[in-house]
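Secondary and tertiary structure notes
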Protein chains: 4
Amino acid sequence: MASDNSENATGNPGSGERAPKRRRSALLDSAIVEFSTYGIGGARVDRIAERANTNKAMLYHYFGNKDDLYLAALQDIYAGIRGAENELELDLSAPEAAIRTLVAFTFRYYVDNPAFVRMINTENLHRAVHLRAAGDMTTLNRSILDRIKAILDRGVAEGIFREGIDPLDLYISISALGFTYISNQHTLAVLFGRDLTTDEAIEKRLETMTDMVLRFVRSDRHHAASDSAR
Amino acid sequence: MASDNSENATGNPGSGERAPKRRRSALLDSAIVEFSTYGIGGARVDRIAERANTNKAMLYHYFGNKDDLYLAALQDIYAGIRGAENELELDLSAPEAAIRTLVAFTFRYYVDNPAFVRMINTENLHRAVHLRAAGDMTTLNRSILDRIKAILDRGVAEGIFREGIDPLDLYISISALGFTYISNQHTLAVLFGRDLTTDEAIEKRLETMTDMVLRFVRSDRHHAASDSAR
Amino acid sequence: MASDNSENATGNPGSGERAPKRRRSALLDSAIVEFSTYGIGGARVDRIAERANTNKAMLYHYFGNKDDLYLAALQDIYAGIRGAENELELDLSAPEAAIRTLVAFTFRYYVDNPAFVRMINTENLHRAVHLRAAGDMTTLNRSILDRIKAILDRGVAEGIFREGIDPLDLYISISALGFTYISNQHTLAVLFGRDLTTDEAIEKRLETMTDMVLRFVRSDRHHAASDSAR
Amino acid sequence: MASDNSENATGNPGSGERAPKRRRSALLDSAIVEFSTYGIGGARVDRIAERANTNKAMLYHYFGNKDDLYLAALQDIYAGIRGAENELELDLSAPEAAIRTLVAFTFRYYVDNPAFVRMINTENLHRAVHLRAAGDMTTLNRSILDRIKAILDRGVAEGIFREGIDPLDLYISISALGFTYISNQHTLAVLFGRDLTTDEAIEKRLETMTDMVLRFVRSDRHHAASDSAR
DNA sequence: GATGAATGAGATTTCATTCAT
DNA sequence: AATGAATGAAATCTCATTCAT
């Protein structure tokens, strides 16, 4: 990541700075804010430069053009979650706890990184043409599937999980339960008149998600185990 | 809906037609395709007019400006799912079957109406400002929550469903499991190298979703019931 | 041609005109002036629009982009000389007179149409990439070679011209003797301190050219014929 | 000349060199290639520096600005032909042979130095403003006219050349017959579908030029002399 | 109603030149 | 001397909207 994905992170001490890496990184941060706020078509190169306390020519100097800058921003976003996932510790000796940890991590990442959610949506609106063109992405995401598989296998071996669950399918379910909640929060709020982003609502949602995923993976014999104990 | 949400629907016989409703409707269809493909900032008024076999002056005549046209397209999209939901029959006397029907309907609607999914995402990228400004949306969506509540109540009364499940929370879960699957299909395909939209993959996904939702709502005593029987 | 190649021709009655062909034609005339004055890289789209009493957007509306406008200007320039050549009458029954007419026509065309000369030079600086890309040019220029061949054949039949002269080679010589004189007039004037474009100098040059070409084509027996009788 | 006009000459051993004259000369060579390829408006300062394996600051250090660099390049180009002409030996005791030598030298210089031809054209497109501003050019080119005059005078004295031929007019003719052939080779090739730059075509053209010039200068009595004997 | 031209504001991109190190 | 970053002015091009017919 440039340095940090949060919506308005720049962290540079002043506007007269000179360190080239700083400049590039400030532009990238600014681009993430801009693209995730307005989409590709709606993003303004002027605003990106201004927010990074530099000028358009610098932006073109470092990134070539608007589209390439968008791609760089997208890759930075993905580098962010990849890095966070890699730091995530999942204790295989306790499969249920590992699932809980994974669900919580995933949801909280979406909650804490709305720019991530918006960039993914933006890229999907564009049918992932940029991501596809960037190549080399498939390998990066093997690791999370491998780890889910390991958890499932261990759970099955211990007799507490069902057999036959596809790791990717499960990953999509875990992701989906939190992603749409964050991604669609605005239309849902209008349509149903409820704010979904209060701390209380977020915690409630995490409970539901965890409950749902665990009930899904558990073997029928072990179904009675309590879920609300957290 | 204008007439139909499918990606390239127009269905008008020729360019020399006279029915004004046809023109309006063709413009609306075209706008839905355009906005759902490029977002608001990326949408082009020229393309919308051209795809509707008319000219920009007509578009401005009927809809005032680009933003109002977007709003009309968004409302049309919501009218579409509202109409479909109203026609959906849920048999209260069989709560599990009703849940199955609801899950299947919801998912298939997303599968069959990608423009719907894209418009929702676009509107959320804009923080639902247009939808909020349009007002009067809350009432429209009470009905689906009421019906879910009725199903849950009946299931609890019959002893087959758990108590304490929030209808909106459940609705969001049902929606989410399918919405993200469709919405994020392009990035997921690139990241994991698997096409999620084959008929087989879609049916598999529906099974997972149904299984997950039913396991979530069932009371623990009734948990052993088979889910794969469809 | 748009209407006329002369350096500042527009000929439109006022700036508030509406006829679309006029606009296009005014833009083309303006483009010819601009490109022949500044070259492709030095030409300014703003100036072209302003000189045509319109705005840049119209220019892009009609011609797509700067390069395509340049190509249109180039084709217009070639259409101009092609049209003039087609109207040129060469009396085959008097081969020497026909050569005289051809030489005079060619030189006077360069003298009267400096924009033509400059455009040809500009296109050659670009290695004729635009002309080559435009295609279909070869056929257009067969006619002048055919006519030169007819003149030469007749002169040979009459015993007054030599055999074995290549029509294209002769055409290039006729063209060259006048083209460089006009094309390089500015550097020649600086280097040798003589203005080559006075009426007197032009007439003198035409005499030299005619003399040189006729002495080249005449059979040796008929060499004594006077050339200065005009 | 800086060192050599050939299109891609640099000849410096590496980027870490120290000789300042080398740097200046490499920049000048690069500038000639650039200006003769793209014209003044189309030339890019970045490309000039890059091709000279240095950076823009050096360019500005040595030459001040783009326009001054262009002037330096132009002067270098003229210095090149001036030097070559000075080394050219014309045997006055054989006027016909001297003319042959002059014609051949002139043509071959154009053939071997396309950058020269292109720079002359570029400067003429700019109406020779730079050359005029550079001053002091007239004197430099007296010598070639003086030598032509000497040849003509000797030929007249020997009775083999006509009287009354203007040396500058003759020089322009000699130059023109070869200059346009090289200068306009690209458009001519497109328009007439023939490659004019094969070795064979070049030799043929030189024959034509020599023939034409000699027939022009010869007195009528001596006209029967063979020209093709080379 | 219907059409294509017209427009001005603003978008992206380029480039000669200068600066800090 | 040498380098890469930095900049502002200006270039090309786009687009929502309006106008004339």
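Think of each chain on its own: its residues are numbered from 1, step by step along the sequence as written. For this description, chains carry letters from A and ligands carry numbers from 1, given in the order in which they are written. A pLDDT threshold of at least 70 governs which residues receive local features in this predicted model, and a stricter bar of 80 or more applies before side-chain atom pairs are shown or counted, although totals over entire chains, interfaces and linings include all residues. The basis for every side-chain value is the complete set of heavy atoms in the structure, and neither hydrogens nor water enter the calculation.

**A closer look at the overall build of chain A**
- Helix and strand definitions here come from DSSP, where helices need a minimum of 4 consecutive H or I residues and strands a minimum of 2 consecutive E residues; each element is numbered from the N-terminal end. Of the regular secondary structure elements, chain A holds eleven helices and zero strands.
- Its helices and strands in sequence order give chain A the pattern α-α-α-α-α-α-α-α-α-α-α, from N to C terminus.
- Burial analysis of chain A (230 residues in total) assigns 56% to the buried set.
- A fraction of 68% describes how many contacts in chain A between residues 6 or more apart in sequence connect residues 24 or more apart.
- A total of about 9800 Å² of accessible surface is found on chain A, and carbon and sulfur atoms cover 49% of it. Any residue under 20% of the maximum accessible area for its type is buried, any over 50% is exposed, and the rest in between are partly exposed; the area is computed with a 1.4 Å probe on protein chains only. By definition, residues are in contact when any of their heavy atoms lie within 4.5 Å. The Shrake-Rupley method, run with a 1.4 Å probe sphere, supplies the accessible areas, and residue values consider only the shown protein chains as cover.

**A look at the interface of chain B and chain A**
- With 57 residues of chain B at the interface, the matching set in chain A holds 56 residues.
- Computed with a 1.4 Å rolling probe, the buried area is the accessible surface lost when two parts are put together, summed over both parts. Roughly 5400 Å² of surface becomes buried between chain B and chain A when both sides are summed, with 61% attributable to carbon and sulfur atoms.
- Looking only at chain B, the three residues that lose the most surface to chain A are B:Leu125, B:Leu191 and B:Phe192, adding up to 13% of its buried area.
- Counted as salt bridges are all cases of a side-chain nitrogen of Lys or Arg within 4 Å of a carboxyl oxygen of Asp or Glu. Of the charged contacts, one joins B:Arg194 and A:Asp166 as a salt bridge, the two residues approaching to 3.0 Å between their closest N and O atoms.
- Any N or O atom pair separated by 3.5 Å or less is treated as a polar contact, with the protein-specific requirement of one donor-capable and one acceptor-capable atom, and with residues adjacent in sequence counted only for side-chain atom pairs. If you look at where chain B meets chain A, you find 19 residue pairs in polar contact (both at pLDDT 80 or more).
- For the side of chain B that touches chain A, the secondary-structure elements that each account for two or more residues are helix H1 (20-42), helix H6 (114-125), helix H7 (129-134), helix H8 (142-157), helix H9 (167-183), helix H10 (185-192) and helix H11 (199-217) of chain B.
- With twelve residues, H9(B) is the largest single contributor of residues to the side of chain B that touches chain A.
- Its residues assigned to classes, the side of chain B that touches chain A comprises 24 nonpolar, 19 polar and 14 charged. Residue polarity follows a fixed list, in which Ala, Val, Leu, Ile, Met, Phe, Trp, Tyr, Cys and Pro are nonpolar, Asp, Glu, Lys and Arg are charged, and the others, Gly among them, are polar.

**Regarding the protein's contact with DNA strand E**
- When we say a residue is near a molecule or strand, we mean one of its heavy atoms is within 4 Å of it. Near DNA strand E there are 36 residues, and of these A:Tyr60, B:Ala57, D:Arg44, D:Lys56 and D:Tyr60 occur at the shortest range.
- If you look at DNA strand E and keep only atoms within 4 Å of the protein, 66% of those are sugar or phosphate atoms.
- Take D:Ala43: an N or O atom from its main chain is 3.1 Å from a phosphate oxygen of DNA strand E.
- Elements with a minimum of two residues in the surface near DNA strand E: helix H2 (45-51) and helix H3 (56-63) of chain A, helix H3 (56-63) of chain B, helix H3 (56-63) of chain C together with helix H2 (45-51) and helix H3 (56-63) of chain D.
- Counted by class, the surface near DNA strand E contains 14 nonpolar, seven polar and 15 charged residues.

**Re helix H11 (residues 199-217) of chain C**
- The span you would expect from a helix comes to 1.5 Å times its residue count less one. Relative to the 27 Å expected for 19 residues at 1.5 Å per residue, H11(C) spans 27 Å between its end C-alpha atoms, a close match to the ideal helical length.
- For H11(C), a buried count of 14 out of 19 residues is recorded, marking the element as mostly surrounded by other parts of the structure.

**What about the interface of chain C and chain D?**
- The interface of chain C with chain D comprises 55 residues on the first partner and 57 residues on the second.
- Counting the surface lost from both chain C and chain D, the interface buries some 5400 Å², and carbon and sulfur atoms represent 61% of this.
- Applying the counting criterion to the chain C and chain D interface returns eight salt bridges.
- The residue C:Asp220 makes a salt bridge to D:Arg215 at a minimum N-O spacing of 3.1 Å.
- In this structure, the connection of chain C to chain D is made through 19 residue pairs in polar contact (both at pLDDT 80 or more).
- Those elements that provide at least two residues to the side of chain C that touches chain D are helix H1 (20-42), helix H6 (114-125), helix H7 (129-134), helix H8 (142-157), helix H9 (167-183), helix H10 (185-192) and H11 of chain C.

**Notes on the relation of the copies chain B and chain A**
- Rotating chain B by 180 degrees about the axis while translating it 0.0 Å along that axis superimposes it on chain A, leaving an RMSD of 0.1 Å. Such a turn and shift between the copies fits a two-fold axis. Of the C-alpha atoms belonging to chain B, the one lying closest to the rotation axis is found on B:Gly41, 2.3 Å away.
- Here 98% of the contact residues of chain B are again contact residues in chain A; the copies associate through an equivalent surface. For this overlay, a least-squares fit was computed on C-alpha atoms, restricted to residues scoring pLDDT of at least 70 in both copies.

**Some details on the protein's contact with DNA strand F**
- Near DNA strand F there are 35 residues, and of these B:Arg44, B:Lys56, B:Tyr60, C:Lys56 and C:Tyr60 occur at the shortest range.
- Taking all atoms of DNA strand F within 4 Å of the protein, the share assigned to sugar and phosphate is 65%.
- Taken together, the elements giving at least two residues each to the surface near DNA strand F come down to H3 of chain A, helix H2 (45-51) and H3 of chain B, helix H2 (45-51) and H3 of chain C together with H3 of chain D.
- Broken down by element, the surface near DNA strand F gets its largest block of residues, five residues, from H3(A).
- A breakdown of the residues in the surface near DNA strand F according to their chemical character gives 13 nonpolar, seven polar and 15 charged.

**Structural notes on the relation of the copies chain C and chain D**
- Between chain C and chain D, the superposition needs a rotation of 180 degrees and an axial shift of 0.0 Å, giving an RMSD of 0.1 Å.
- Most of the interface of chain C is mirrored in chain D: 100% of its interface residues are interface residues there too.

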